Amino acid sequence: MNRTLMTALSAALLSLSGISLSHAESVAVEGEAIFILDNNSVSGPQIVVKNLANAAVNSCLVNAGVNRLDLGTDTTATDIVIKNGTAVITTYNTTLSATDIKLVDVTSCPITSVVDLSACYATVHDGKLTVPCLQYDDDVISVVLGQRGKSMNFEFESYKPGKGHGHDHD
């Protein structure tokens, strides 16, 4: 027998014997939170949230009363994605062989990364506008703009990534 046939036969036998081929739960990471689908909870499928920094359990969804998914007995949660403050959870019903989704509001959890920009300031000196702390997408950069003539118009000259607020300095 060839190797592919043996692998398929072994997987089918394990599946029929009731041995699970995978025990891993689906996980999503967003901002400072880790979202874990737990299908083995006594109270039914639920979302467990942990802090990214130290893996401590975060009760943001428990406190909001939305951690339990309230799925039927033949339905399991299979995957989770976090988008715009909503957990999009794919579900599968074994009786109906049907896939569906469940939406959960997760805005009570730490899903946004926050950069402290309170100490940022800009200076103008010798025709150069320097912004030492500019958040650009997920980066914090230092930007230099040069004055155009004697006007109050400035144009981009250069930047340095990772300036200030705990980022590496050049």
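What counts and what doesn't
Residues numbered from 1 in each chain as written. Predicted model: local features only at pLDDT ≥ 70, side-chain atom pairs only at ≥ 80, totals over all residues. Heavy atoms only, no water. Helix = DSSP H or I, 4+ residues; strand = E, 2+ residues; numbered from the N terminus. Contact = heavy atoms within 4.5 Å. Areas by Shrake-Rupley, 256 points an atom, 1.4 Å probe, with all protein chains shown as cover. Phe/Tyr/Trp six-rings, centres within 6.5 Å; stacked < 30°, edge-to-face > 60°. Buried < 20%, exposed > 50% of the residue type's maximum accessible area, 1.4 Å probe, protein only. Pairing = 2+ DSSP bridges. Axes fitted to C-alpha atoms, helices over the stretch in contact; angles between N-to-C directions. Disulfide = S-S within 2.5 Å. Core = buried A, V, L, I, M, F, W, Y, C linked by side-chain atoms within 4.5 Å. pLDDT = per-residue confidence, 0-100. Salt bridge = Lys/Arg side-chain N within 4 Å of Asp/Glu carboxyl O.

Undergrad: For this particular structure, what's the right way to read the overall build of the chain?
TA: Tallying secondary structure elements over the chain gives two helices and eleven strands in all. Overall, the chain shows an N-to-C arrangement of helices and strands of α-β-β-β-β-α-β-β-β-β-β-β-β. Within the chain, residue pairs in contact and separated by at least 24 positions form 27% of the contacts whose partners lie at least 6 positions apart. Carbon together with sulfur atoms contributes 53% to the accessible area of the chain, which is approximately 11600 Å² in total.

Undergrad: I'm lost on the packing of aromatic side chains in this one. Help?
TA: Centre-to-centre distance and the angle between the planes together describe a pair of aromatic rings. With the rule as written, the count across this model stands at one aromatic pair. Measuring from ring centre to ring centre gives 6.4 Å for Phe-156 and Tyr-159, while their planes differ by 40°; the resulting arrangement is tilted. Phe-156 sits in the exposed class, given a relative accessible area of 53%. Judged by relative accessible area, which is 48%, Tyr-159 ranks as partly exposed.

Undergrad: I tried to follow the sheet that holds strand β11 (residues 154-161) on my own but got confused; where do I start?
TA: Neighbouring strands of a sheet are bound in pairs by backbone hydrogen bonds; such pairs are parallel or else antiparallel. A sheet is described by the order of its strands in space; here four strands give the open sequence β8-β9-β10-β11, paired in antiparallel fashion. Edge strands, defined here as strands with exactly one partner in the open sheet, are β8 (123-125) and β11. Here the average twist between neighbouring strands, direction ignored, is 25°.

Undergrad: Just checking my understanding: could you explain the state of the cysteines for this structure?
TA: Note: disulfide means a covalent bond formed between the sulfur atoms of two cysteine side chains. Scanning the model with the defined rule gives one disulfide in all. One disulfide in the model links Cys-60 with Cys-109; its S-S distance is 2.0 Å. Classification of the bridge connecting Cys-60 and Cys-109 rests on its S-S torsion, roughly 85°, and on that basis the disulfide is right-handed. Of this pair, Cys-60 sits in helix α2 (residues 60-64) while Cys-109 sits in the loop between β7 (98-105) and β8, and the two are 49 residues apart along the sequence.

Undergrad: Explain the environment of Asn-40 here, please?
TA: Along the chain, Asn-40 turns up in the loop between β2 (33-38) and β3 (46-51). With relative accessibility at 65%, the residue Asn-40 sits in the exposed group. Here the alpha-carbon distance between Asn-40 and Thr-76, two residues 36 residues apart in the chain, equals 9.6 Å.

Undergrad: Before we go on, may I ask you to explain the nonpolar core in this structure?
TA: Generally speaking, nonpolar side chains in soluble globular proteins are found buried as a group. Core analysis: the biggest nonpolar cluster contains 18 residues, and Phe-35, Ile-47, Ile-80 and Ile-89 have the highest contact counts within it. At the level of secondary structure, the elements contributing two or more residues to this core comprise β2, β3, α2, β5 (75-83) and β6 (86-93). Setting aside residues up to four positions removed in sequence, Ile-80 forms contacts with Ser-26, Val-27, Ala-28, Phe-35, Leu-37, Ile-47, Ala-87, Val-88 and Ile-89.

Undergrad: For this particular structure, what's the right way to read the confidence of the model for the chain?
TA: Detailed reading of predicted coordinates is not advised where the pLDDT is low. Per-residue pLDDT for the chain has a mean of 81; in total, 76% of the residues score no lower than 70. In the predicted structure, residues 17-22 sits below a pLDDT of 50 and forms three contacts with residues beyond four places in sequence or in another chain. Within the model, pLDDT remains below 50 along residues 163-170, and this stretch shows 19 contacts once partners closer than five positions in the same chain are excluded.

Undergrad: Please clarify how the pattern of salt bridges should be interpreted in this entry.
TA: It is possible for side chains bearing opposite charge to pair when their charged atoms get close. Counted under the stated rule, the structure contains two salt bridges. For Lys-128, the salt bridge is made with Glu-157, and the minimal N-O distance between the two is 2.7 Å. In this pair, Lys-128 sits in strand β9 (residues 128-136) while Glu-157 sits in strand β11, placing the two residues 29 residues apart along the sequence. Residue classification places Lys-128 among the partly exposed positions, given a relative accessible area of 33%. For Glu-157, a relative accessible area of 42% gives the class partly exposed. Put simply, Glu-155 and Arg-148 hold a salt bridge, and the shortest N to O gap is 3.6 Å. On the accessibility criterion, Arg-148 (48% relative accessible area) is partly exposed.

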